[in-house]
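Residue-level structural notes
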Amino acid sequence: QEQQTLFDYIGETKLHQLVDAFYARVQEHPDLAPIFPDDLTETARKQKQFLTQFFGGPPLYTEEHGHPMLRARHMPFTITPVRASAWVFCMEEAMEDTGIEEEVQEHMLERLTLTARHMINSPDPDG
Ligand code: HEM
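The rules behind the values
Residues numbered from 1 in each chain as written. Predicted model: local features only at pLDDT ≥ 70, side-chain atom pairs only at ≥ 80, totals over all residues. Heavy atoms only, no water. Near = heavy atom within 4 Å. Polar contact = N/O pair within 3.5 Å; in protein donor to acceptor, adjacent residues only side chain to side chain. Helix = DSSP H or I, 4+ residues; strand = E, 2+ residues; numbered from the N terminus. Nonpolar A, V, L, I, M, F, W, Y, C, P; charged D, E, K, R; others polar. Expected span 1.5 Å × (residues − 1). Buried < 20%, exposed > 50% of the residue type's maximum accessible area, 1.4 Å probe, protein only. Arc of directions from axis to C-beta. Contact = heavy atoms within 4.5 Å.

Neighbouring the ligand are 20 residues, the closest being Thr 43, Lys 46, Tyr 61, His 74 and Trp 87. Thr 43 places a polar side-chain atom, nitrogen or oxygen, 2.6 Å from an oxygen atom of the ligand. A distance of 2.8 Å separates a nitrogen atom of the ligand from a polar side-chain atom of His 74. Elements with a minimum of two residues in the shell around the ligand: helix H3 (41–54), helix H5 (70–74), helix H6 (81–98) and helix H7 (102–119). Of the residues that constitute the shell around the ligand, the class distribution is 14 nonpolar, 4 polar and 2 charged.

Moving on, we get to H7. Between the first and last C-alpha of H7 there are 25 Å, a value that for 18 residues agrees with the 26 Å anticipated at 1.5 Å per step. Within the span of H7, buried status applies to Val 104, Gln 105, Met 108, Leu 109, Leu 112, Ala 116 and Met 119. Mapping the buried residues of H7 onto a view down its axis gives an arc of 115°, with all of them on the same face. Residues Glu 103, Glu 106, Glu 110, Leu 114 and Arg 117 are exposed on H7 and point more than 90 degrees away from its buried face. On its buried face, H7 sits against helix H1 (6–10), helix H2 (12–28), H3, H5 and H6.

Spelled out as C-alpha cells, the structure:
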C-alpha cells in the first residue's frame, strides 16, 4: 500500500450513509428538490458509484455508465450559483449527520466545492 485515499479513510459503509443522508437533505431543500426526481433511489445508487471513484476507490461509475462527463450530464438542469451552494451545504450537513471527522470533511468538501462550481450553467435569476 502506497497511499491512503479518501475512500480508504471513509470506507464503503460510511460513504453510502453519507450519500443517503445527502439526498434526504436534498429532498427537503427548497432550491434543490424541484429539479430532482421524487424517487432518488437510482440517483443515490449512481452517486455512490461516482463518489467511490471520485475519492480514489474502484471506478464503479465508469464501469457501468462510461466516462462521467459530469458537466454535460448536468446540462438538462438549471444549475445556478445558489443551487451549487445549496448542494455543497447539503453535503456539509450530511457529513455532520454521518459523523465524518472534521479533517476528512475539509478535504472532501474542498474537492466537492470545486466540482459543484464547475457544474454551474446558468446565472442566478436576479443576478
Ligand atoms: C445527477 C443536480 C452537483 C454528481 C444529478 C441530477 C441532478 C443534479 C438534478 C439528476 C438526478 C436524476 O435524474 O437522477 C445537481 C446540482 C448540483 C450538482 C444542482 C450543484 C452544483 C454535482 C456534483 C457532483 C454531482 C458536485 C459530483 C461530485 C452527480 C452524478 C449524477 C448527478 C454522479 C448522476 C449522473 C447520471 O445520471 O449518471 N445532479 N448536481 N452533481 N449528479 Fe449532480
